[in-house]
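Here are the chains, one letter per residue:
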Amino acid sequence: MSINRRQFLKIAGASTVLGLGGASVVNSLKRGGLEASQMSPDPKGLVAKRWGFVVDVSKLESEEDYKRCADACHNIHNVPVFKNDKLHEVKWIWKEPFENTFPGTEHEYMSHEFKEKNFLVFCNHCAKPACVKVCPTKATFKRKDGIVMQDMHRCIGCRFCMAACPFGARSFNYLDPRGKDTDGTPLIKVENKTFPTRMIGVVEKCTACYERLSIGQQPACAEVSNGAIVFGDLEDPNSEVRKIIATKYTIRRKPELGTQPSIYYVIGGSEHA
Amino acid sequence: MLEKALIGSKRYWIWIFVLLGIIGVGFIAYLQQWKYGLGVTGLSRDVSWGFYIAQFTFLVGVAASAVMLVIPYYLHDYKKFGKIVILGEFLAISAVTMCILFIFVDMGQPMRIMNVVLHPTPGSVMFWDSVVLSGYLFINLIVGWTTLGADRKSVPPPAWVKPLIYLSIPWAVSIHTVTAFLYAGIPGRHLWLTAIMAARFLASAFAAGPALLILLVMFVRKVSKLDAGTEAIQSLAKIVTYAMIANVFFFLLEVFTATYSGIPGHAHPLKYLFFGLDGHTALVPWMWTATVLAFLGLGLLIFPATRQNEGILPIALVSVFVAAWIDKGMGLVIGGFIPNMFERVTEYTPTATELAITVGVYAVGLLVLTVLYKIAIGVREDTAGEAEHH
Ligand code: SF4
Ligand code: SF4
Ligand code: SF4
């Protein structure tokens with residue numbers, strides 16, 4: 001895949017915004033200057049008009065498979081793990097049973113097995129994101145390629161975006177993610193030095209592995225998912241995601257709310273397993 | 001005029017120091033929150049707004065309610081409110097001060113509050129809310145101060161404040177409307193997604209705000225020579241009555257739509273609030289208390305015999321005020337988060353730290369109110385008898 005200079009700048013700009021460059025919000029102008037002069041575009045970087053996902057959980061067989069996807073994400077993104085503190089937990093991707101993922105869709109005659117069938121949920125990178133609309137500081141914003149980003153240096157921690165997101169995709173750092181759990185162990189077990197840790201008091205969520213895309217890698221969860229998570233350009237009719245959407249029955253979470261989620265869930269896909 | 005706040009009886013100073021003490025405790029609690037983060041509160045991933053934002057929402061209403069004095073006095077030339085318009089405006093100043101503080105203590109990164117100004121985002125309702133709230137504070141400060149200053153010299157207020165006074169009327173409506181839009185424009189929170197939200201907010205504000213104001217006016221009458229007069233109090237009480245009728249009516253409309261339509265998403269939050277959901281019933285006793293108080297207050301206010309009885313009137317007003325406070329200060333905000341986006345119930349209970357901070361902010365508001373009222377009363381006592389002339 002090729003990348004031109006403008007596209008690169010967009011990606012690189014967003015990477016720095018998330019904290020990789022460590023630049024502060026105040027000198028955003030200077031920041032743009034830094035990008036152009038000090039980094040050279042990675043020709044391997046992935047680009048798209050609108051990134052999206054297809055999730056086919058029939059390809060996930062055991063608890064282990066779900067855990068592998070979530071762990072892959074949380075480990076490389078330095079997501080703190082709270083052992084006993086459900087109230088303050090931070091998570092970017094996790095499993096939810098069908099009836100909780102698609103509330104209102106379950107019915108009394110549905111098999112217990114299907115109702116309880118686990119799905120993987122994470123930020124939908126909605127085309128019309130409610131979170132972006134409400135944010136008073138543009139700390140959460142949408143990139144041209146559809147990725148809904150989070151600027152941890154600008155976020156004031158008002159949590160309006162958490163109230164607004166209809167998918168519960170966002171977590172707030174109620175406690176210092178760089179600190180310790182109640183049992184004294186660090187919340188971030190092994191820090192990935194190439195990805196920024198967050199400070200207390202800001203909101204975070206899945207950022208579609210923008211940092212991996214820029215160097216030509218697939219999202220971490222997709223990579224370890226045995227094909228259960230497929231990532232690609234929704235605007236490209238020849239992309240793998242579009243091919244699956246064209247041939248299989250897929251649904252999205254709460255489409256009636258109009259946020260236009262970019263995750264498509266394959267339903268009844270067991271025969272394809 | 002400020003010097004008026006510096007001369008007071010022993011009781012006045014004891015009260016000031018009690019407030020300062022409470023503010024001190026709240027401040028220490030806030031330092032703890034500053035250090036450990038909002039994790040010291042009862043808030044969670046599922047219920048991400050709680051007591052602070054709820055108090056903010058309620059107090060915006062109290063602030064807006066000053067307009068219930070401004071309209072009759074300035075637009076309809078209702079002279080009886082002449083002595084107390086200033087008390088309404090000063091109550092608004094105190095309420096907006098508390099609103100700003102509640103927003104501040106709710107922020108995860110309060111040092112970045114200026115980002116709202118540095119990166120203005122007209123698409124965000126919160127941006128507009130900060131604009132209208134600061135504007136309202138400003139308008140009331142100017143109007144309150146100049147009219148009182150003019151009063152002291154027994155001259156009519158300067159002509160240039162008139163437009164500001166008129167501006168304050170739609171502005172007051174705007175602060176509560178925009179605050180309602182914080183909630184009413186959010187997809188996926190069924191309790192909030194209702195077109196009647198702003199109307200409900202205004203109705204409950206115009207009931208609770210003036211109810212508080214009457215209680216304050218009655219108190220002021222006890223401790224000073226400033227007597228608003230029975231007629232002013234009774235007129236305000238009628239305003240409370242009508243507003244409360246509208247408030248209860250609007251609420252029942254919500255109940256009808258949610259229950260008769262039978263759409264589960266709409267019914268769930270109300271079910272949680274009044275009957276509990278999946279065995280979670282934390283707010284049930286509160287909501288029924290509010291219901292009983294609302295009808296008790298209404299009953300006492302509707303019948304002239306009880307409304308005109310100044311021994312009973314305060315009971316009615318306290319009932320209305322507390323009912324509105326529970327409805328907005330607890331039910332509305334928390335109920336919006338329950339059940340969560342996965343149809344699960346995570347309950348919320350404020351922690352002691354959170355309550356100490358909340359009480360501290362209220363103490364700041366009371367301190368501002370006390371000082372402003374002291375000044376207003378001082379000026380009015382000096383010019384006693386002249387206030388009616390303009
Ligand atoms: S899922 Fe939620 S957080 Fe993600 S883009 Fe949509 S509204 Fe925003
Ligand atoms: S918490 Fe941060 S990202 Fe969310 S709305 Fe507030 S400023 Fe924006
Ligand atoms: S796309 Fe990347 S950031 Fe998002 S859930 Fe998957 S691994 Fe995590």
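What counts, and where the lines are drawn
Residues numbered from 1 in each chain as written. Chains lettered and ligands numbered in written order. Predicted model: local features only at pLDDT ≥ 70, side-chain atom pairs only at ≥ 80, totals over all residues. Heavy atoms only, no water. Helix = DSSP H or I, 4+ residues; strand = E, 2+ residues; numbered from the N terminus. Buried < 20%, exposed > 50% of the residue type's maximum accessible area, 1.4 Å probe, protein only. Areas by Shrake-Rupley, 256 points an atom, 1.4 Å probe, with all protein chains shown as cover. Near = heavy atom within 4 Å. Nonpolar A, V, L, I, M, F, W, Y, C, P; charged D, E, K, R; others polar. Pairing = 2+ DSSP bridges. Contact = heavy atoms within 4.5 Å. Axes fitted to C-alpha atoms, helices over the stretch in contact; angles between N-to-C directions. Phe/Tyr/Trp six-rings, centres within 6.5 Å; stacked < 30°, edge-to-face > 60°. Lys NZ or Arg CZ within 6 Å of the ring centre and 35° of its normal. Patch = residues over 30% accessible without salt bridge, like charges linked within 9 Å, V, L, I, M, F, W, Y side chains within 5 Å. Salt bridge = Lys/Arg side-chain N within 4 Å of Asp/Glu carboxyl O. Buried area = accessible area lost by both parts, 1.4 Å probe. Polar contact = N/O pair within 3.5 Å; in protein donor to acceptor, adjacent residues only side chain to side chain. pLDDT = per-residue confidence, 0-100. Parallel < 35°, antiparallel > 145°, perpendicular 65-115°, else oblique. Left-handed = near helix turned anticlockwise from the far one by under 90°.

Undergrad: When you look at the overall build of chain B in this model, what are you seeing that I'm missing?
TA: From N to C terminus, chain B includes 14 helices and zero strands. Secondary structure elements of chain B occur, N-terminal to C-terminal, as α-α-α-α-α-α-α-α-α-α-α-α-α-α. Along the three orthogonal principal directions, the C-alpha set of chain B runs to about 65 × 50 × 40 Å. Each of the 390 residues in chain B was classed as buried or not, and the buried ones make up 58%. Total accessible area on chain B stands at roughly 15,800 Å², and carbon and sulfur atoms take up 73% of it.

Undergrad: Looking at this model, I keep getting lost on the site of ligand 2. Mind explaining?
TA: Neighbouring ligand 2 are the residues Cys-135, Pro-136, Thr-137, Ala-139, Gln-150, Cys-155, Ile-156, Gly-157, Cys-158, Arg-159, Cys-161 and Val-203 of chain A. Of the residues assigned to the shell around ligand 2, the class counts are eight nonpolar, three polar and one charged.

Undergrad: Sorry, what's going on with the sheet that holds strand β8 (residues 229-233) of chain A here?
TA: Within a sheet, adjacent strands bond to each other through the backbone by hydrogen bonds, running parallel or antiparallel. Residues and elements named next belong to chain A. Strand order in the open sheet formed by four strands is β8-β1-β10-β9, and the pairing between neighbours is mixed. The open sheet has two edge strands with one neighbour each: β8 and β9 (250-251). Relative to strand β10 (residues 263-266), β9 runs antiparallel, the two being bridged by two bridges. If you follow Thr-250 over to β10, its bridge partner there is Val-266. Packing of helix α10 (residues 240-247) onto the sheet brings it into contact with β1 (51-55), β8, β9 and β10, and relative to β8 it is tilted by some 110 degrees.

Undergrad: Looking at this structure, how should I read the packing of aromatic side chains?
TA: Here the distance between the centres and the angle between the planes together describe a pair of aromatic rings. A complete count under the given rule lists 35 aromatic pairs over all chains for this structure. A ring pair is formed by Phe-98 of chain A and Phe-119 of chain A, whose centres lie 5.8 Å apart and whose planes are at 55 degrees; its orientation type is tilted. Of the two residues, Phe-98 of chain A sits in helix α4 (residues 98-101) while Phe-119 of chain A sits in strand β3 (residues 118-122), which places them 21 residues apart along the sequence. Phe-119 of chain A carries the same exposure label as Phe-98 of chain A, and that label is buried. Among the aromatic residues, those joined into a ring-pair cluster are Phe-160 of chain A together with Trp-49, Tyr-183, Trp-192, Phe-201 and Phe-337 of chain B. The ring of Phe-201 of chain B is capped by Lys-328 of chain B, whose NZ or CZ atom sits 4.9 Å from the centre of that ring. The ring of Tyr-12 of chain B has Lys-374 of chain B sitting right over it, with the charged end atom 4.9 Å from the ring centre.

Undergrad: How do you make sense of a nonpolar patch on the surface when you look at a structure like this?
TA: All names here are of chain B. Taken together, the side chains of Ile-14, Trp-15, Val-18, Ile-22, Val-359 and Leu-366 define a hydrophobic patch exposed on the protein surface, amounting to about 470 Å² of accessible area. Within the residue set of the nonpolar patch, elements represented by two or more residues are α1 (10-36) and α14 (352-382). A total of four residues in the nonpolar patch trace back to one element, the largest contributor, which is α1. Within the fold, Trp-15 resides in helix α1.

Undergrad: Sorry, what's going on with the interface of chain B and chain A here?
TA: By a widely used convention, the size of an interface equals the accessible area lost when the partners come together. Every contact between the two is made by 38 residues of chain B and, on the other side, 47 residues of chain A. Across the chain B to chain A interface the summed buried area is about 3,500 Å²; carbon plus sulfur atoms make up 56%. The largest contributions to the chain B side of the interface with chain A come from Arg-45, Arg-112 and Phe-342 of chain B, which together make up 23% of the buried area. Run the count over chain B and chain A and you get 29 residue pairs in polar contact (both at pLDDT 80 or more). Broken down by secondary-structure element, the contributors of at least two residues to the side of chain B that touches chain A are α5 (115-118) and α6 (125-152) of chain B. Residue composition of the side of chain B that touches chain A, grouped by class: 18 nonpolar, 14 polar and six charged.

Undergrad: When you look at the pairing of β3 of chain A in this model, what are you seeing that I'm missing?
TA: Regular strands have side chains that alternate between both faces of the sheet. Residue and element names in this part refer to chain A. Counting buried positions over the five residues of β3 gives five, a clear majority of the element. Of the two faces of β3, the one holding Asn-118, Leu-120 and Phe-122 and the one holding Phe-119 and Val-121 are both buried throughout. Of the strand pairs in this sheet, strand β2 (residues 93-97) and β3 are connected by five bridges, and their pairing is antiparallel. Bridge pairing in β3 links Pro-97 to Asn-118.

Undergrad: Where do I start with the pattern of salt bridges in this structure?
TA: Pairs may arise between side chains of opposite charge once their charged atoms sit close together. For the structure shown, the criterion picks out 22 salt bridges over all chains. Residues Asp-106 of chain B and Arg-159 of chain A are paired through a salt bridge, measuring 2.6 Å at the closest nitrogen-oxygen approach. Highlighted residues: Asp-106 of chain B in helix α4 (residues 85-106) and Arg-159 of chain A in the loop between β5 (148-150) and α7 (160-164), drawn from two different chains. Overall, Asp-106 of chain B belongs to the buried group, its relative accessible area being 2%. Its salt-bridge partner being Glu-191 of chain A, residue Lys-193 of chain A comes within 3.9 Å of it at the nearest N-O pair. What makes Glu-191 of chain A partly exposed here is its relative accessible area of 39%. Salt bridges linked by common partners bring Lys-83, Asp-181 and Asp-183 of chain A together as one network.

Undergrad: Whenever I open this one, the confidence of the model for chain B confuses me. Can you help?
TA: The predicted coordinates of low-pLDDT regions are not to be read in fine detail. All names here are of chain B. Of the residues in chain B, 98% have a pLDDT of 70 or more, and the chain-wide mean is 93. Contacts of residues 386-390 to residues separated by more than four positions or lying in other chains number nine contacts, the stretch itself having pLDDT below 50. Predicted complex metrics record ipTM = 0.91 and pTM = 0.90.

Undergrad: Would you take a moment to explain the packing of helix α2 (residues 51-64) of chain B against α4 of chain B for this structure?
TA: Each pair of packed helices gets described by two things: the angle between the helix axes and the distance between those axes. Residue and element names in this part refer to chain B. Close contact between α2 and α4 brings their axes to 8 Å; oriented N to C, the two are set at 160 degrees. It follows that α2 is roughly antiparallel to α4 by the angle criterion. Considering how the two elements wind past one another, α2 and α4 form a crossing that is left-handed. On α4, the residues that touch Tyr-52, Ile-53, Gln-55, Phe-56, Leu-59, Val-60, Val-62 and Ala-63 of α2 are Leu-91, Ala-92, Ala-95, Val-96, Met-98, Cys-99, Phe-102, Ile-103, Val-105 and Asp-106. A breakdown of the residues in the contact of α2 with α4 according to their chemical character gives 16 nonpolar, one polar and one charged.

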